[in-house]
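Below, each chain spelled out in residue letters.
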Amino acid sequence: METIFSKIIAKEIPADIVYEDDQILAFLDIKPVNPGHTLVIPKEPVIDGVEASEETMAAVMRVAQKVARAQKKTLGCTGVNYIMNNGEDAGQEVFHAHMHVIPRYKDDNTFSSPNHNDYKEGEVTEIADKLRDTI
Ligand code: 5GP
């Protein structure tokens, strides 16, 4: 499927590329949460990080960590978020797998925290059993 990211991979549209190898491209997000916010994507056209192969995800994370280390060294950020939205209901807008690598600073107030809830009686064990059996 053609997306804005496949056009960036094909160099049909410009991007501020910070890393490239045979498998992976990393470039600055056009609307950063903080300056230096980077997207790390596989070159193969895979829709999200659930459908991607283990090998592809390992390659994405290898480069995401390189980017995070460079952000800490050069931008002086004191934290980094790795965030991957997989599927529309998880907030994905571009349907080519991508890992956000976001520089963070004390009290930068760029994200609101997710809501955390409590399990109902017995639910935690039931869900853990299901996941463990399937994994
Ligand atoms: P998602 O919500 O799918 O996880 O994130 C998509 C990201 O892609 C957004 O943060 C958005 O700013 C970024 N983005 C969308 N279009 C472009 C583009 O043309 N160039 C670049 N560099 N980033 C883009």
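In what follows, the accompanying structure is described. Keep in mind the model is a prediction, meaning the values are calculated, not measured. (Residues numbered from 1 in each chain as written. Predicted model: local features only at pLDDT ≥ 70, side-chain atom pairs only at ≥ 80, totals over all residues. Heavy atoms only, no water.)

1. Some details on the pattern of salt bridges
Point 1. Taken as a whole and assessed by the stated rule, the structure comprises 7 salt bridges.
Point 2. With a shortest N-O distance of 3.1 Å, Lys11 and Glu20 are connected by a salt bridge.
Point 3. According to the relative accessible area criterion, Lys11 is partly exposed, its value standing at 48%.
Point 4. Within the structure, one salt-bridge network assembled from shared partners comprises Lys11, Glu20 and Lys43. (Salt bridge = Lys/Arg side-chain N within 4 Å of Asp/Glu carboxyl O. Buried < 20%, exposed > 50% of the residue type's maximum accessible area, 1.4 Å probe, protein only.)

2. Overview of the site of the ligand
Point 1. Lining the immediate environment of the ligand, one finds 16 residues, of which Asp29, Asn85, Glu93, His98 and His100 sit closest.
Point 2. Ile30 places a main-chain nitrogen or oxygen 3.3 Å from a nitrogen atom of the ligand.
Point 3. Within the backbone of Glu93, an N or O atom sits 2.6 Å from an oxygen atom of the ligand.
Point 4. Bound to the protein, the ligand loses 82% of the 520 Å² it would expose on its own. (Near = heavy atom within 4 Å. Polar contact = N/O pair within 3.5 Å; in protein donor to acceptor, adjacent residues only side chain to side chain. Areas by Shrake-Rupley, 256 points an atom, 1.4 Å probe, with all protein chains shown as cover.)

3. Considering the nonpolar core
Point 1. If you look at the biggest cluster of nonpolar residues, it comprises 15 residues, and the most contacted ones within it are Ile24, Val40, Val63, Val67, Met99 and Val101.
Point 2. Mapped onto this core, the elements with two or more residues apiece are strand 2 (24–28), helix 2 (54–75) and strand 5 (99–104).
Point 3. For this core, the element with the highest residue contribution is helix 2, accounting for 6 residues.
Point 4. Residues within four places of Val101 in sequence aside, it is in contact with Gly36, His37, Thr38, Val40, Ala64, Val67, Ala68, Gln71, Val80, Asn81 and Tyr82.
Point 5. In this structure, Leu25, Phe27, Leu39 and Ile41 belong to the second largest nonpolar core, which totals 7 residues. (Core = buried A, V, L, I, M, F, W, Y, C linked by side-chain atoms within 4.5 Å. Helix = DSSP H or I, 4+ residues; strand = E, 2+ residues; numbered from the N terminus. Contact = heavy atoms within 4.5 Å.)

4. Side note on the pairing of strand 1 (residues 17–20)
Point 1. As paired elements, strand 1 and strand 2 share 3 bridges and run antiparallel to each other. The partner of Tyr19 across the bridge, within strand 2, is Ala26.
Point 2. Where strand 1 folds back onto strand 2 in an antiparallel hairpin, the turn is made up of 3 residues. (Pairing = 2+ DSSP bridges.)

5. What to know about the environment of Tyr19
Point 1. Its place among the elements puts Tyr19 in strand 1.
Point 2. Along the sequence, Tyr19 and Lys66 sit 47 residues apart, while their C-alpha atoms lie 9.3 Å from each other.
Point 3. Excluding residues within four positions of it along the chain, Tyr19 makes contact with Ile24, Leu25, Ala26, Arg62, Val63 and Lys66.
Point 4. Side chain to side chain, Tyr19 and Asp21 meet in a polar contact 2.8 Å long.

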